[in-house]
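# Results of the structural survey
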Amino acid sequence: MKKFNKRFFLFFLVLSLILVVTACSSGIEADKEVVEVEKDTVIFGDAGWDSIRLHNAIAGFILENGYGYETEIMPGSSINLLEGMISGDINVMMEMWQDNFIAYKKSREIGEVIELGTNFDDNAQGLYVPRYLIEGDAERGIKALAPDLKTVEDLKKYANLFPDAEDPGRAIIYNGPPSWEATTIIDIKSEFYGLTEDYNIVGTGTSAALAASLSAAYVKGEPWVGYYWEPTWISGKYDLVLLEEAPFDESLWTEEESYACEFKSSDVTIAVNPEFADRNPEVIEFLTNYTTSSLLTAQALAYMQENDASIDEAAKWFIGENEDLWKNWVPEDVYSKVMAALE
Amino acid sequence: MSKIRVENLTKIFGKHPKKILQNVEKGMTREEIFKMTGQTVGISKVNFSVNEGETFVIMGLSGSGKSTLIRCLNLLNKPTAGKIFVDDENIIDYDKKELREFRRNKIAMVFQHFGLFSHKTVIENVEFGLEVKGLSKEERYDISKETLQAVGLKGWENFRISELSGGMKQRVGLARALANDPEIILMDEPFSALDPLIRRDMHSELLDLQSKMKKTIVFITHDVNEAFKLGDRVAVLKDGEIVQIDTPEEIIENPANDYIKNFVRDIDRSRILKAENVMKKAAIKFGKALQPKIAITLLEEADVDYGFIIQRETSKLEGIITIDDLALAVKQKKTIEELMHSDYKAVHKDVYIKEIIEIALDTKYPIAVLNDNEEFIGRIHRGTLLKALI
Amino acid sequence: MFEFPQIFEFKIGKVVESFVEWLTINYAGFFDSIKTGILFVLLKMQMIFEWIPWFVIIGIVFLVGWKVKGLKSGIAYTIMLFLIGVMGYWDQMIMTISIVLAAVIISLVLGIPLGIISAYKKRVDIILRPMLDAMQTMPSFVYLIPAIMLFGLGMVPAVFATTIYSLPPVIRLTTLAINSVSKEMKEASQSFGATPLQTLIKVEIPQALPTIMTGVNQTTMMAMAMVVVASMIGSKGLGYSVLIAINRTDIAMGFESGLSIVFLAIIIDRLTQSIGTKYKYD
């Protein structure tokens, strides 16, 4: 009994020491923040995919440390987030994939939301296969199973490489989640290219499921073909090849013409709630200047995946690596504050 | 010959029964052991034997260990120590297979709450033991049907257990045990869940069956009347130990201690005690040729009022005579034969007191008790009857 | 605010992640054969359901409903089923039933023996309990992604996820049922020289059956509840229609496919429930 008491006491002593120390350190931080003037809390919409979360974190870091705003992240599906932005519950969406998001186009036209500028536009979408499928991978001992696979139409020759387990005798192309416009477009294209004769075009319920299926095939070195887009951590981490189609042609990009060409490099823009824009001109100025690229985004996402970093750490890494880029988005004093916060 | 012989049987419940066993051997009481270790001594160093064809009743209050004891006899409870011989084989040494064979062929059990399988029909229940043994469908059906008839359940074969009354359920339980044709039947308070009236019916039914079957029965009860009614011999169990083993009459007449005295106080003795148990053996017997004068001396010496006249050669009773009659004989110079009364009453030694009381009302003389050969073996006075009933 | 000190941080998840990846690479064959097995059952089942004409299915449901619940219920089920067809979800319903049925069968095949074992072995029960809690409370997406890694997209991981969710009630109720078989009944069986297996098969399981049937009902309902989640990993059926409807904010489609799920759930629930009550003995 006595012995137990002693141990218990020691345990408490250590525990309270730890608590006191941590309390003090966080207390100091709190003091600093009090100095700042109260401002709007900037609410970002998080539609669930990686690049938007990365850009939320980058913009959030700069707004918090450079401008002194509080920021918040609100998760949701893109359609719900759009509704939220119209009603003002959400202030900023860092990525609006124009061509995949018809509802957004309408809202923008009637002025329910304001588009600030292009975040990046050198993105790509379409049907991807792992590079080892075409070129092999000597290191992993993978043979090139489809050396002549270059275009989407070539898939017809290789249907036997992609068997659909649930439908013996047929092949499978993994499509995007339902409701994405690209998913519908892939359906129509596949029909046009004559792929549906041999292939089932199967919608994956969520982008996470799509990523997992690609990821599983990739680590096993198995054939896989499906819809994907850049930038993502997947495109940063895995070596994928976009199957070729005819160059983008505005006149072909209709349902009647079966979208018979490659995806247009979609403008991924930043949009905000109009009232929020009126109240916070300096945020708007910053977000209007905010321009990155697919490559840079994919690099940061790959960094995150490889180093098992959090999204915030990846954002810091991005800010550190691309100082020259974002320096131009903000005033001098903000720049130095952000740099200070980085250290 | 004894069918079952139990030697030093001890059962301790708990995690370390072997350790506790030492305490039992040291003579610690059940209560002390429980307080010290939290383990329960179910039964402690029990010894008894059951004869072939005998109904052996183990009686005790709840918690006395009687259920534990009976479950040791077919090893539903594994004894901690001791030996159980059935037909001179120690069943505790049986391996799994031998034990199964023993249970399948030699012993069957009837349970307090019937232990019937509610998902089976009446006849399927009765068939169970045979099914387990691996008998063919037809064989076991035939046997079970017959057995059901024997317990008075003909026509109920295909009913569900839930459709039967309590008494009928226990008949099924009994039939299930009998269907196996075991040599030994264990009955764990089989009738205690029944209404008193039905219980009485079941008692007579069991006695009836037993008179035909002559099985060795070990019967558990907490009811003294039931124990004494059914048991050829009764063992009284208290706190896991046997206090007394004897015939019912002997227990009533000679209780081993105050506990048993208390126990038997409430019982209806007139239904248990027989003429033999209450009669006085000492009696003045003489032939009819004896001189009355000498007879008077004999009676006066023994300080009794009556004498019994016996036929010398056969020990048969011829009559009864009072001391007053003898005095008259001396005065009038008559012989005993002339004055003795032959309107005396006599009963067989196994007649219950309850019946003797009625006889006693009809006669002013003591009642004579006779054995199977109608030989005179004792006498019962009204006063003796009264004393026996208190 | 007191922040949790960082020195204590340890990434348990990372270990799990590497483990899953390791499994994916090294045991691909093993998981493929499981996948093939499940798929075989699923496809056969789907084939049979697709082979039976729709009016026969409706007829069977009517007859069974009539038999176990009464005429009114039979008619009600018929109308519900008919409505599913009218709304255009017949094929999806068939796929959903296949997945639910496969998950339920797997749950029973695994769950009843596991339940029996944990009724017999206290230690197994102690180990199993928190695992069952985890299976029921762990958000399904957490294990869906590993499931996709191991089994690929589509119906198989859907069956896997559904099974994980619907297995616990079978195990729990089987254990409970076996444990609550009356002691005397077990003793009676033993006293006649029944082997443990005989006791189990002839006494304990039949006695436990009504409770186990309750478990089957619960399991089926839980499996139904998982169809939307299952559709998120590419299994077709009613859930996928709901998912499309949600994503497109298509209220009409959402209502119709949702209603179809409700109808199907009601029919399955009532039928399994009344079959369960048929088994009650006393």
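Residues numbered from 1 in each chain as written. Chains lettered and ligands numbered in written order. Predicted model: local features only at pLDDT ≥ 70, side-chain atom pairs only at ≥ 80, totals over all residues.

## Quick word on the overall build of chain C
Of the regular secondary structure elements, chain C holds 13 helices and 0 strands. Tracing chain C from N to C terminus, the helices and strands come up as α-α-α-α-α-α-α-α-α-α-α-α-α. Projected onto the principal axes, the alpha-carbon positions of chain C cover approximately 65 × 65 × 45 Å. Across the 282 residues of chain C, 46% fall into the buried class. Partitioning the contacts of chain C with sequence separation of at least 6, the portion at a separation of at least 24 is 75%. (Helix = DSSP H or I, 4+ residues; strand = E, 2+ residues; numbered from the N terminus. Buried ≥ 20, exposed ≤ 12 C-beta atoms within 10 Å, placed from the backbone. Contact = placed C-beta atoms within 7 Å.)

## Quick notes on the overall build of chain B
The secondary structure content of chain B amounts to 18 helices and 16 strands. In terms of C-alpha radius of gyration, chain B reaches 27 Å, well past the compact-globule figure of 21 Å for 390 residues. Taken over the C-alpha atoms alone, chain B extends approximately 85 × 55 × 35 Å along its principal axes. Sorting the 390 residues of chain B into buried and exposed places 40% on the buried side. If you take every contact in chain B between residues at least 6 apart in sequence, the share linking residues at least 24 apart comes to 65%. (Rg over C-alpha atoms; globule rule 2.2 N^0.38 Å.)

## So, the nonpolar core
Formed by 251 residues in total, the largest nonpolar core has its most connected members in Val 218 of chain B together with Ile 99, Ile 148, Val 159 and Ala 161 of chain C. Setting aside residues up to four positions removed in sequence, Ile 99 of chain C forms contacts with Met 155, Ala 158, Val 159, Thr 162, Val 227, Ala 230, Ser 235 and Gly 237 of chain C. (Core = buried A, V, L, I, M, F, W, Y, C linked by C-beta atoms within 7 Å.)

## Regarding the packing of helix H9 (residues 183–191) of chain C against helix H10 (residues 196–225) of chain C
All names here are of chain C. Running from N to C, H9 and H10 cross one another at 165°; their axes reach a closest spacing of 10 Å. Judged by the inter-axis angle, H9 sits roughly antiparallel to H10. The hand of the H9/H10 crossing is right-handed. Residues Met 185, Lys 186, Ser 189 and Gln 190 of H9 lie in contact with H10, whose contacting residues are Thr 199, Lys 202, Val 203, Glu 204 and Gln 207. Split by residue class, the contact of H9 with H10 holds 2 nonpolar, 4 polar and 3 charged. (Axes fitted to C-alpha atoms, helices over the stretch in contact; angles between N-to-C directions. Parallel < 35°, antiparallel > 145°, perpendicular 65-115°, else oblique. Left-handed = near helix turned anticlockwise from the far one by under 90°. Nonpolar A, V, L, I, M, F, W, Y, C, P; charged D, E, K, R; others polar.)

## Section: the interface of chain C and chain B
Taken together, the contact between chain C and chain B spans 16 residues of the former and 19 residues of the latter. At the level of elements, H9 and H10 of chain C are the ones that each hand at least two residues to the side of chain C that touches chain B. The greatest single-element share of the side of chain C that touches chain B, amounting to 6 residues, is contributed by H9 of chain C. Within the side of chain C that touches chain B, the residues separate by chemical class into 7 nonpolar, 6 polar and 3 charged.

## Topic: unusual backbone geometry
Its identity is not glycine, yet Ser 258 of chain A carries a phi of approximately 60°, on the positive side. For Ser 258 of chain A, the position within the fold is in the loop between strand S9 (240–242) and strand S10 (268–272). Of note in the backbone geometry, Asn 8 of chain B takes a positive phi value of approximately 50° without being a glycine. With respect to the helices and strands, the residue Asn 8 of chain B is situated in strand S1 (residues 2–13).

## Topic: the interface of chain A and chain C
Facing 27 residues of chain A, the contacting portion of chain C comprises 28 residues. Of all the elements in the fold, those that place two or more residues in the side of chain A that touches chain C are helix H1 (2–34), strand S7 (199–203) and helix H7 (207–220) of chain A. Per-element tally for the side of chain A that touches chain C: the top contributor is H7 of chain A, with 8 residues. When grouped by side-chain class, the residues that make up the side of chain A that touches chain C number 14 nonpolar, 10 polar and 3 charged.

## Side note on helix H6 (residues 181–192) of chain A
Residue and element names in this part refer to chain A. For H6, spanning 12 residues, the distance from its first C-alpha to its last is 17 Å, which sits close to the expected 16 Å at 1.5 Å a residue. Turning to H6, its buried residues are Ala 182, Thr 183, Ile 185, Ile 186, Lys 189 and Ser 190. Axial view of H6: buried residues confined to an arc of 160°, hence all on one face. Those residues of H6 that are buried are in contact with strand S5 (124–130), strand S6 (171–175), S7 and strand S8 (226–230). Backbone geometry just downstream of H6 places Gly 194 in the positive-phi region, at approximately 80°. (Expected span 1.5 Å × (residues − 1). Arc of directions from axis to C-beta.)

## Observations concerning the sheet that holds strand S2 (residues 40–51) of chain B
Residues and elements named next belong to chain B. In space, the 4 strands of this open sheet follow the order S2-S1-S4-S5, with antiparallel pairing throughout. Single-partner strands in this sheet number two, and they are S2 and strand S5 (89–90). As defined by bridge partners, S1 adjoins strand S4 (residues 81–86) across 5 bridges and the pair is classed as antiparallel. Across the sheet, the residue bridging to Arg 5 is Phe 85, located in S4. (Pairing = 2+ DSSP bridges.)

## Here's the deal with helix H2 (residues 28–51) of chain C
The terminal C-alpha atoms of H2 of chain C lie 33 Å apart, and with 24 residues this matches the ideal 34 Å at 1.5 Å per residue to within 8%. Within H2 of chain C the residues assigned to the buried category are Lys 35, Ile 38, Leu 39, Leu 42 and Gln 46 of chain C.

## Concerning the confidence of the model for chain C
Residues and elements named next belong to chain C. Mean pLDDT over chain C stands at 86; residues scoring 70 or higher make up 96%. The element-level mean pLDDT for chain C is lowest in helix H1 (residues 12–26), coming to 80, with H9 highest at 92. Across the assembled chains, the prediction reports ipTM 0.74 with pTM 0.71. (pLDDT = per-residue confidence, 0-100.)

## Here's the deal with the arrangement of the chains
Contacts between protein chains span 2 pairs of chains, and they are most numerous for chains A and C. Separated without contact, chain A and chain B have their nearest C-alpha atoms at a distance of 21 Å.

## Overview of the environment of Leu 339 of chain B
Relative to the elements of secondary structure, Leu 339 of chain B occurs in helix H16 (residues 336–339). Residue class for Leu 339 of chain B comes out partly exposed when judged on the 18 C-beta atoms lying within 10 Å of it.

## Some remarks on the sheet that holds strand S9 (residues 233–238) of chain B
All names here are of chain B. Taken together, 6 strands build an open sheet; the order of strands is S6-S7-S8-S3-S9-S10 and the sheet is mixed. Two strands close off the open sheet at either side, each with one partner strand: strand S6 (107–110) and strand S10 (241–246). Going across the sheet, the axis of each strand differs from the next one's by a mean of 15°, ignoring polarity.

## Focus on the domain arrangement of chain B
Considered domain by domain, chain B is made up of domain 1 (2–106 + 182–267) and domain 2 (276–389). Centre-to-centre, using C-alpha coordinates, domain 1 of chain B lies 43 Å away from domain 2 of chain B. (Domains from an automatic or database assignment.)

## What about the packing of helix H6 (residues 122–137) of chain C against helix H8 (residues 155–179) of chain C?
All names here are of chain C. The contact between H6 and H8 brings their axes to 8 Å, and the two run at 145°. Viewed along their axes, H6 and H8 form a crossing whose handedness is left-handed. Two secondary-structure elements touch here, H6 through Asp 125, Leu 128, Leu 132, Met 135 and Gln 136 and H8 through Ile 164, Tyr 165, Leu 167, Pro 168, Ile 171, Arg 172 and Thr 175. In the contact of H6 with H8, the residues fall into 8 nonpolar, 2 polar and 2 charged.

## Structural notes on the pairing of strand S8 (residues 216–221) of chain B
All names here are of chain B. Among the 6 residues of S8, 6 are classified as buried, and the element is accordingly described as predominantly covered. Neither face of S8 is open: one carries Thr 216, Val 218 and Ile 220, the other Ile 217, Phe 219 and Thr 221, and all of them are buried. Where strand S3 (residues 55–60) and S8 come together, 5 bridges link them in parallel fashion. Within S8, the residue paired with Thr 55 across the bridge is Ile 217. As paired elements, strand S7 (residues 184–188) and S8 share 5 bridges and run parallel to each other. Within S8, the position partnered with Ile 184 by the bridge is Thr 216.

## A look at the pairing of S9 of chain B
All names here are of chain B. With respect to burial, S9 is a largely interior element, 6 of its 6 residues being buried. The side-chain alternation of S9 yields two buried faces, one formed by Arg 233, Ala 235 and Leu 237 and the other by Val 234, Val 236 and Lys 238. Relative to S9, S3 runs parallel, the two being bridged by 5 bridges. The residue of S9 that forms the bridge with Gly 60 is Leu 237. Where S9 and S10 come together, 5 bridges link them in antiparallel fashion. Residue Lys 238 lies in a different strand from S10, and its bridge partner there is Glu 241.

## Some details on the environment of Val 92 of chain A
Residues and elements named next belong to chain A. By the secondary structure assignment, Val 92 is in strand S3 (residues 92–97). When the 26 C-beta atoms within 10 Å are taken as the criterion, Val 92 is described as buried. Not counting chain neighbours up to four residues away, the residues in contact with Val 92 comprise Val 42, Phe 44, Ile 270, Val 272 and Leu 287.

## Details of the environment of Ile 188 of chain A
Examined against the element boundaries, Ile 188 of chain A turns out to sit in helix H6. Apart from residues no more than four positions distant in its own chain, Ile 188 of chain A is found in contact with Glu 255, Ser 258 and Tyr 259 of chain A.

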